[in-house]
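Residue strings, one per chain:
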Amino acid sequence: MIVIKRGKEPNSLLKFRKENPDADYESDMPTDVLKDIREQMWKEQRCLCAYCMKKIEAPSVVRIEHCRPRHPQDEQEHDKKATLDFKWMLGVCYGNSLVRGVKPEDKTCDAHRGNTELTVNPFDELSVRKIKYKADGSIYSDDADINKDVTETLNLNCQALSLPQTRKNVLMAEKNRIMRKCKGKSQDAFMRELERTYTSLVQKRNLTPYCGIIISWLESKLKIS
């Protein structure tokens, strides 16, 4: 999972909300507004799914997710205004849900989550830092509720999609890159490269697919908590 830095809402969404104060996301959203939301989130998230961090190829295949579920516990009544609040929207992948006959346990992200509420807050850096990774690439947390979010609700260790192995491969590739670059250099040079890489990913937002595991590893090496 990555920390989401949400910008100002699209002008079309702002205009729509002002002109339609009683509108509901589920039944009233114009196609052009949805298109603008997808495009902006895709750019802000550097083409990555907010949950599993896979690359989303184009804005048109971004699934608009509400971090705060529209129907908690599958309730029919819901807060219409909250469904149009851009700051709680996420761009996610389809979580393997478009595959015909896919089993529920082989879905991920929003497709597996349904209306279950989450403890982890993708917009809060300290919350996302509670997510950790094992040597085999599996995602987990020492916080029991967040651990349930990532391992059960979002199913981010889905074996059908090889998510742990993919994350492990991404980390190994980055470690090898850093080792090659720092070969024959001092420990100080190695630490500077770690700091440069961390700055690039976290502060400059040069995010890459599945980079959460790299960020977590860098934070452990740089003793960032």
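What you see is a predicted model, and the numbers here were worked out from it, not measured in a lab.

A. Structural view of the overall build of the protein. Along the backbone of the protein there are nine helices and four strands. Element order for the protein, N to C, with α for helix and β for strand: α-α-α-β-β-α-α-β-β-α-α-α-α. Referenced to the eigenvectors of the C-alpha coordinate spread, the extents of the protein come out at roughly 65 × 35 × 30 Å. In the protein, buried positions account for 44% of the 225 residues. Partitioning the contacts of the protein with sequence separation of at least 6, the portion at a separation of at least 24 is 67%. Accessible surface, the protein as shown: approximately 12,200 Å² in total, 48% of it carbon and sulfur. Counting 41 positive and 34 negative side-chain charges, the protein places the averaged centre of each group 9 Å from the other.

B. Quick peek at the packing of aromatic side chains. Using the criterion set out here, one finds one aromatic pair in the structure. Ring centres of Trp88 and Phe123 lie 5.5 Å apart, and the angle between their planes is 85°; this geometry places the pair in the edge-to-face category. Highlighted residues: Trp88 in the loop between β1 (63-66) and β2 (89-92) and Phe123 in the loop between α4 (109-113) and α5 (125-128), separated in sequence by 35 residues. On the accessibility criterion, Trp88 (17% relative accessible area) is buried. For the cation-ring pair, Arg6 lies above Phe86, with the distance from its terminal atom to the ring centre recorded as 5.2 Å. Above the face of the Tyr140 ring, Lys134 is positioned so that its terminal group lies 5.6 Å from the ring centre.

C. Region of interest: helix α1 (residues 11-19). Those residues of α1 not exposed but buried are Ser12, Leu13 and Phe16. Along α1, the residues classed as buried sweep out an arc of 100° about the axis, all on the same side. In α1, the exposed residues that point more than 90 degrees away from the buried face are Asn11 and Lys18. Residues of α1 that are buried sit in contact with α2 (25-28), α3 (31-44) and β2.

D. Structural detail: the pairing of β2. Going residue by residue along β2, you find Met89 and Gly91 tucked away on one face and Leu90 and Val92 tucked away on the opposite face as well. With four bridges joining them, β1 and β2 adopt antiparallel strand pairing. If you follow Glu65 over to β2, its bridge partner there is Leu90.

E. Main features of unusual backbone geometry. One non-glycine residue, Asn96, lies in the positive phi region at around 70°. Its location among the elements puts Asn96 in the loop between β2 and α4. Unlike most non-glycine residues, Arg205 shows phi in positive territory, near 60°. Within the secondary structure layout, Arg205 lies in the loop between α8 (187-203) and α9 (212-221).

Cut-offs and rules
- Residues numbered from 1 in each chain as written.
- Predicted model: local features only at pLDDT ≥ 70, side-chain atom pairs only at ≥ 80, totals over all residues.
- Heavy atoms only, no water.
- Helix = DSSP H or I, 4+ residues; strand = E, 2+ residues; numbered from the N terminus.
- Buried < 20%, exposed > 50% of the residue type's maximum accessible area, 1.4 Å probe, protein only.
- Contact = heavy atoms within 4.5 Å.
- Areas by Shrake-Rupley, 256 points an atom, 1.4 Å probe, with all protein chains shown as cover.
- Lys, Arg positive; Asp, Glu negative; His and termini not counted.
- Charge placed at Lys NZ, Arg CZ, Asp CG, Glu CD.
- Phe/Tyr/Trp six-rings, centres within 6.5 Å; stacked < 30°, edge-to-face > 60°.
- Lys NZ or Arg CZ within 6 Å of the ring centre and 35° of its normal.
- Arc of directions from axis to C-beta.
- Pairing = 2+ DSSP bridges.

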